[in-house]
Amino acid sequence: GRPKEGKKSFLNDEKVVEIATKYSKTSAQVSLRFAIQCGVIPIPKSSSKSRIDENYNIFDFHLSDEDMLYMKSLHNDSNQICKFHFAETSAHYPF
C-alpha cells in the first residue's frame with residue numbers, strides 16, 4: 001500500500017532506488033526479491049495487471065550481499081506491515 005501522508009516509505013529510500021536502478025528493477029521488485037532471498041514468501045496485493053506482472057518478474061536477478069545488508073538495515077517497527085511479535089524468539093527474526 002501507499003504510505004500515509006507525511007510518512008516516508010522505504011520504497012522511496014534513496015539507496016533502495018539506487019539498488020533498483022542497478023538491477024533495472026523497481027523498488028517494489030527489490031523489496032520482494034529481498035523477502036525471497038530471506039526465505040520469506042511475500043504475498044503482494046495488486047489489482048493492476050501491469051503491477052501483478054511486475055511483482056512476478058523478480059526471479060531473474062539476485063541481490064548482492066551488500067544490498068541484502070542494506071535492505072536488512074531498513075527493518076524497524078514502522079516498516080513492518082504485519083507485526084510478528086509472536087516470532088521474536090525465532091532464530092530467523094526479523095526474517
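This text follows the structure it describes.
What comes next is a walk through the structure.

**A short note on the packing of aromatic side chains**
Part 1 of the argument: In total, this model carries 2 aromatic pairs according to the counting rule given.
Part 2 of the argument: Aromatic side chains Tyr23 and Phe61 sit 5.3 Å apart centroid to centroid with 40 degrees between the ring planes, which places their arrangement in the tilted category. In this pair, Tyr23 sits in the loop between α1 (14-22) and α2 (27-37) while Phe61 sits in the loop between α3 (49-56) and α4 (65-73), placing the two residues 38 residues apart along the sequence.
Part 3 of the argument: According to the relative accessible area criterion, Tyr23 is buried, its value standing at 19%.
Part 4 of the argument: Since its relative accessible area comes to 7%, Phe61 is described here as buried.

**Considering the packing of α2 against α4**
Packed helix pairs are specified by the crossing angle of their axes together with the interaxial distance, meaning the distance between the axes.
Part 1 of the argument: In contact at an axis separation of 11 Å, α2 and α4 are set at 100 degrees when each is read in the N-to-C sense. Here α2 is positioned roughly perpendicular relative to α4, judged by the angle of their axes. Within the contact between the two elements, α2 uses Val30, Ser31, Phe34 and Gln37 and α4 uses Met68, Met71 and Lys72.

Calculation criteria
- Residues numbered from 1 in each chain as written.
- Predicted model: local features only at pLDDT ≥ 70, side-chain atom pairs only at ≥ 80, totals over all residues.
- Heavy atoms only, no water.
- Phe/Tyr/Trp six-rings, centres within 6.5 Å; stacked < 30°, edge-to-face > 60°.
- Helix = DSSP H or I, 4+ residues; strand = E, 2+ residues; numbered from the N terminus.
- Buried < 20%, exposed > 50% of the residue type's maximum accessible area, 1.4 Å probe, protein only.
- Axes fitted to C-alpha atoms, helices over the stretch in contact; angles between N-to-C directions.
- Parallel < 35°, antiparallel > 145°, perpendicular 65-115°, else oblique.
- Contact = heavy atoms within 4.5 Å.

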